[in-house]
Structures are given as C-alpha cells and as structure tokens.
Amino acid sequence: MQFLDYSHNPALIGASLLVALMAGFTGLSLTQGLAQRSTLQKKLSIALAAISLGGGIWSMHFVAMLGLQLPILFYYDAAVTLSSALVAILVVGVALLLLHFRERTPLVLVSAGSIVGLGIIAMHYIGMAGLEMCRALYTPLGITLAVLASCLLNIAAFWIAYGQRSHRNILLGTVCFGVAVVAVHFIAVAGTGFVADSSVNEVGPSIGKEIMAMGVVLSSFVLCGAFLLTGVTFLEPSQQVVPAVVAETGGEGAIAEVASGPIEIEPRGKQIPYELKGQTLFADLDSVAAIRAEGHYTHIYTAHGVFFCAWSITEAEKRVAPNPFLKTHRSYLINPAHVISFERLKDNGICHFDLPGLAKVPVSRSRLKQVRATLGV
C-alpha cells in the first residue's frame, strides 16, 4: 500500500490558528460573570459559548484541511462533516454546563478539560472519516499522542481560564485553547497516512473543496462577528466606581480623594437598602440574616420577611463582608449571629435558620473551613 505525499499551505495553517483563537476568546468571554445571572440567562450564554467554541473547533479543522495538499482530487461527505460539527458543539456544551452548574473543584476543571479534549479528538476523526476518494489510515502511536495532547492541553486551558475569571486569565486561556486545537490537529495528521480509495460509501451527498471552502468562510465570518462583539465588551472600561479609601489619620469618616474617576460613597451607616411598595427603605445589618443572589439583584432575609435589594451579590459582598457577613456559597452571604444550627455533610454543610422563607443555606466545600471556624464548630 503506497501512501500519498502531502503538504500544507502555510497561509491556511496561520488562518486555522487565528480561527481557533477567535473561537476560544469568544466562548470564554461569553461565560464570564455567569454566576450573577439567572438560570435562563446562564443556559443561553452557555449555549452560545458552546456554539462558538465547538463551531470554532470545526472551522479550524476544515480550514486546515483546505490547506492539505494531496496529489489526487478528493471530496467530503456532507452528512459526516455536519455530524462532526454537532459533536464538537454538544461535547463543549456538556463541559460548560459542568463548569457553571457544579462547584468548580480541581476534579471538575480536569473533567471539563478532558471532555473537551476528547470532543476535539472525536470531531477530528469523524471529520476525517468524511473523506471520499481518499482514505486516512492511522497508527496506534499517532492516536495515543493526539488523545494525550488534546486532553492535557485543554485541561491546562480550562484550568487557567476558570482558575480565576479575570481578563488576564481569559486571554491566557484563549491562547492555550487555540494552541491546543491547532496542535492536536497537526499531531493527529502527523500520525496519519493517506491512500487513494475509489470506493465511496456515501452517507450524504458529496461536496468538493469549493463548497467546503464556502461553508468554512461563512462559519468563520459569523465567528469573526461574534469575536468583534465580545471584544468590544471585553475592552470597554469598567463602569464600577473606585472604592473609597479611609485615610489613616483622618478618622473613620475621612475619605482619601482619588486622582481620577468618581469616588464611591460608603453606604448609609451600617444599613442595606431594600424596596417595599415603591419606596427604598433601609435595614440594619444586624437585622439581616442572609443575602441571596437573584440574577443581577439580591433578596435579603429578616425576621419580618424577604425583601428585594438592588445590589448584586458581588456589590453586597463588597459592602458588607466580612463583618458581620460571611460568604458560604457563590449565591449566599449569611450573618452568623442568626444561625441556629449547623449540619456537616460529606464534603460540604448546611446552616439552618428559623426565619420566614429561610430554613437553610448551603455551605460549599471551599467555604466549609472558614464557616466552621467562624461558628466555632
């Protein structure tokens, strides 16, 4: 069996890397700040991010395949090619759901990276199975190296991007993801031999490189648009005001001026604003037992009931924690003075309350040690 000689177009190799980087940036940016959104908003953002990342993986693969130069004419099976794109999108979606609907432990990060890594491998080999008039033959060593590289590089990408959801980490994660997708493709191709094959087992209609090029250009165009939209938001200056700084020698009420930008005014006394019958009222911190995230807003729990607060959970944490409030979960802040009992579970816990509308608050594993120390248990 004689293997065909092949080469790659350097310009299309560069284009494939660019597509992978745009996909990574768009997908990782779309999932930033989801903890402060409603469940429906989170699901929608995750779906869009999965389409961006999975579609970007597919687009990168076929941009690189357009640059594959063989001495024979070959085609693609449209149905197999489309199924490879759907596999990539679905697998990435599973990983993102895991990251955003489970506590982000090291095991979850490794699992998400491995899932995406295996998804990239599956997409690659399904896409290669769509070749017609040409057959790809693989070696065990080539497959093993591709699987290992894909899993390890994607674990690194998600570990960086989700270890801390900052602009810097998203950019570094984008680079890792882009390099991972491109590296896996060419590692897999390096372990692949191509032979001419006149037999055709069509699942769907055949398409030539010209039609494939049009499809890839269209998907890349959509990806570029999404990249530009997320990039504008990513580069937009933060609208948050600069926190006030209490002067060391000016007493409790003294505020140091900041050279530029507005100065944040401290909340009125030790109170939390809430809405009731069209009015903004104020609750003393000591009377509030817990604060729960509700989309971009929060609800506060007191002995008199549950009330709407315009603060986000991030704003509430910045203003009232750590004294007297303590964060027990990404969606909860509690006042330890109102806890009537604590229940230790396997790797997390529950704080119990005796208030209208509030019976218990979850304690995540990452917060368990601090909560127990505060409660003295």
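Everything numeric in this text was worked out from a predicted model, so none of it was measured.

Another aspect to go through is the overall build of the protein chain. Tallying secondary structure elements over the protein chain gives nine helices and 19 strands in all. Buried residues in the protein chain amount to 44% of all 377 residues. Counting contacts in the protein chain only where the partners sit at least 6 residues apart, residues at least 24 apart contribute 68% of the total. Counting every atom, the protein chain has about 19,200 Å² of accessible surface; 64% of that belongs to carbon and sulfur.

Strand order in the open sheet formed by three strands is E4-E3-E7, with antiparallel pairing between adjacent strands. Single-partner strands in this sheet number two, and they are strand E4 (131–132) and strand E7 (206–207). Bridging between strand E3 (residues 75–77) and E4 involves two bridges; their strand directions are antiparallel. Pairing of Tyr76 across the sheet is with Leu131, part of E4.

One pass over the full model with this rule turns up six salt bridges. Among the ionic pairs, Arg319 bridges to Glu315, the shortest N-O distance being 2.4 Å. Here Arg319 and its partner Glu315 are both found in helix H8 (residues 313–320), four residues apart, which amounts to about one turn of the helix. Across the pair Lys327 and Glu317 runs a salt bridge, and its minimum N-O distance is 3.3 Å. Of this pair, Lys327 sits in strand E15 (residues 326–329) while Glu317 sits in helix H8, and the two are ten residues apart along the sequence. Several salt bridges share partner residues, and in doing so they unite Glu315, Lys318 and Arg319 into one network.

With respect to topology, three strands assemble into an open sheet ordered E17-E18-E19, the strand pairing being antiparallel. On the outer flanks of this sheet lie strand E17 (341–344) and strand E19 (358–363), each paired with one strand and no other. Each strand of the sheet is rotated relative to its neighbour by a mean of 20°, with strand direction disregarded. With four bridges connecting them, E17 and strand E18 (residues 349–355) associate as antiparallel partners. Residue pairing in the sheet places Ser341 in a bridge with His352 of E18. The strands that helix H9 (residues 365–375) touches are E17, E18 and E19; relative to E17, the one it contacts most, it runs at about 140°.

A surface patch of nonpolar side chains, amounting to about 210 Å² of accessible area, comprises Leu17, Val175 and Val179. Look at Val175 and you get partly exposed, because its relative accessible area is 45%.

How each quantity is defined
- Residues numbered from 1 in each chain as written.
- Predicted model: local features only at pLDDT ≥ 70, side-chain atom pairs only at ≥ 80, totals over all residues.
- Heavy atoms only, no water.
- Helix = DSSP H or I, 4+ residues; strand = E, 2+ residues; numbered from the N terminus.
- Buried < 20%, exposed > 50% of the residue type's maximum accessible area, 1.4 Å probe, protein only.
- Contact = heavy atoms within 4.5 Å.
- Areas by Shrake-Rupley, 256 points an atom, 1.4 Å probe, with all protein chains shown as cover.
- Pairing = 2+ DSSP bridges.
- Salt bridge = Lys/Arg side-chain N within 4 Å of Asp/Glu carboxyl O.
- Axes fitted to C-alpha atoms, helices over the stretch in contact; angles between N-to-C directions.
- Patch = residues over 30% accessible without salt bridge, like charges linked within 9 Å, V, L, I, M, F, W, Y side chains within 5 Å.

In short, geometric facts, not functional conclusions.
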